[in-house]
Amino acid sequence: QVQLVESGGGSVQAGGSLRLSCAASGYTYSCMGWFRQAPGKEREGVAVLYTAAGSTSYADSVKGRFTLSQDNAKNTVYLQMNSLKPEDTAMYYCAAGAWPCGRWLIPGGGSSVRHWGQGTQVTVSS
């Protein structure tokens, strides 16, 4: 059974940085990454990692600012978020699923996720 536990959320001023962590236990799927959901909006894919190759893809809204990485020894993935903007404010959810990973960045891509973390809140003030 896969369990995903997120940490690292918090409040930060615009332009600041946060690093989210997702520790996985049990079976790890080919794709791991992050979604986010702001109040009144649909859950959207932010970043996804193909774990076997270490390749990453990002939503256009975060490209160049967010970096997804993994620590294989710890079965942990990280989302380094730099140059944060108020529009990044959302609940962030770690996710695990099956290839093809790129589908996560398509609207409605969350339907392909097999396991979800509980979420960690990120708030960016202007």
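Shown above is the structure to which this text applies.
Keep in mind that what you see is a predicted model, and the values were worked out from it rather than measured.

Moving on, we get to the overall build of the protein chain. In terms of regular secondary structure, the protein chain is built from 0 helices and 11 strands. Sequence-ordered secondary structure for the protein chain, helices as α and strands as β, is β-β-β-β-β-β-β-β-β-β-β. With the C-alpha coordinates of the protein chain rotated into their principal frame, the extents come out at 40 × 30 × 25 Å. Sorting the 126 residues of the protein chain into buried and exposed places 40% on the buried side. Restricting the contact set of the protein chain to residue pairs at least 6 apart, pairs at least 24 apart contribute 60%. Summed over all atoms, the accessible surface of the protein chain reaches about 6400 Å², with 47% contributed by carbon and sulfur. Here the protein chain contributes 10 positive and 7 negative side-chain charges, whose respective centroids are spaced 3 Å apart.

What follows concerns the sheet that holds strand β7 (residues 66-71). One open sheet accounts for 4 strands, arranged β1-β3-β8-β7; its pairing is antiparallel. Looking along the sheet, the strands with just one partner apiece sit at the ends: β1 (3-7) and β7. Between one strand and the next, the sheet's axes are offset by a mean angle of 20 degrees, whatever the strand orientation. Two strands pair when backbone bridges link them, and β7 and strand β8 (residues 76-81) are joined in this way by 6 bridges, in the antiparallel orientation. By the bridge assignment for β8, Gln70 is matched with Val77.

Here we come to the packing of aromatic side chains. Under the definition given, this model contains 3 aromatic pairs. Residues Phe35 and Trp104 carry aromatic rings whose centres are separated by 5.5 Å and whose planes lie at 45 degrees to one another, so their mutual orientation is tilted. Here the residue Phe35 occupies a position in strand β4 (residues 31-37), and Trp104 occupies one in the loop between β9 (90-97) and β10 (113-116), the gap between them amounting to 69 residues. Looking at Trp104, the relative accessible area reads 0%, which means it is buried. Geometrically, the ring pair formed by Tyr93 and Trp116 is edge-to-face, given 6.4 Å between the ring centres and 85 degrees between the ring planes. Of this pair, Tyr93 sits in strand β9 while Trp116 sits in strand β10, and the two are 23 residues apart along the sequence. An aromatic cluster of at least three residues, connected via ring pairs, comprises Phe35, Tyr93, Trp104 and Trp116. Its guanidinium or amino end placed over the ring of Tyr93, Arg43 lies 3.8 Å from that ring's centre, counting from NZ or CZ.

Where burial is concerned, most of β8 is hidden: 5 out of the 6 residues are buried. Strand direction decides the pairing type here: strand β3 (residues 18-25) and β8, joined by 6 bridges, are antiparallel. Bridged to Leu20 within β8 is Leu79. Linking β7 back to β8 in an antiparallel pair, the connection comprises 4 residues, with Asn75 at a positive phi of about 50 degrees.

Reading the values: the criteria
Residues numbered from 1 in each chain as written. Predicted model: local features only at pLDDT ≥ 70, side-chain atom pairs only at ≥ 80, totals over all residues. Heavy atoms only, no water. Helix = DSSP H or I, 4+ residues; strand = E, 2+ residues; numbered from the N terminus. Buried < 20%, exposed > 50% of the residue type's maximum accessible area, 1.4 Å probe, protein only. Contact = heavy atoms within 4.5 Å. Areas by Shrake-Rupley, 256 points an atom, 1.4 Å probe, with all protein chains shown as cover. Lys, Arg positive; Asp, Glu negative; His and termini not counted. Charge placed at Lys NZ, Arg CZ, Asp CG, Glu CD. Pairing = 2+ DSSP bridges. Axes fitted to C-alpha atoms, helices over the stretch in contact; angles between N-to-C directions. Phe/Tyr/Trp six-rings, centres within 6.5 Å; stacked < 30°, edge-to-face > 60°. Lys NZ or Arg CZ within 6 Å of the ring centre and 35° of its normal.

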